[in-house]
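# Results of the structural survey
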Amino acid sequence: MAFTDKDPHNLSEIARVVALGVQIQRRKARGKSTKALERRVDQIRERAEARENARRTK
């Protein structure tokens, strides 16, 4: 279930995306690659959007 009407993410997904965002910023500050973490964030977002689109079409 979405956290808000405007956002497809649930509370758990929001927490995971924020935690990954913190890790991404730390790695960027150290000059390390963030590609894998950014890909995980994209996957979470895509899954949330697909789930909410499927729920809306029912």
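Presented here is an overview of the structure given in this document.

Rules behind the numbers
- Residues numbered from 1 in each chain as written.
- Predicted model: local features only at pLDDT ≥ 70, side-chain atom pairs only at ≥ 80, totals over all residues.
- Heavy atoms only, no water.
- Axes fitted to C-alpha atoms, helices over the stretch in contact; angles between N-to-C directions.
- Helix = DSSP H or I, 4+ residues; strand = E, 2+ residues; numbered from the N terminus.
- Parallel < 35°, antiparallel > 145°, perpendicular 65-115°, else oblique.
- Left-handed = near helix turned anticlockwise from the far one by under 90°.
- Contact = heavy atoms within 4.5 Å.
- Nonpolar A, V, L, I, M, F, W, Y, C, P; charged D, E, K, R; others polar.

## Points about the packing of helix α1 (residues 11-29) against helix α2 (residues 35-57)
- Axis separation between α1 and α2 bottoms out at 9 Å; the angle between their running directions is 160°. Relative to α2, the element α1 is oriented roughly antiparallel. Here the hand of the crossing between α1 and α2 comes out left-handed. Residue-level contacts link E13, R16, V17, L20, Q23, I24, R27 and K28 of α1 to L37, E38, R40, V41, I44, R45, A48 and R51 of α2.
- Considered class by class, the residues forming the contact of α1 with α2 number 7 nonpolar, 1 polar and 8 charged.

Function cannot be read off these values alone, since they describe shape.
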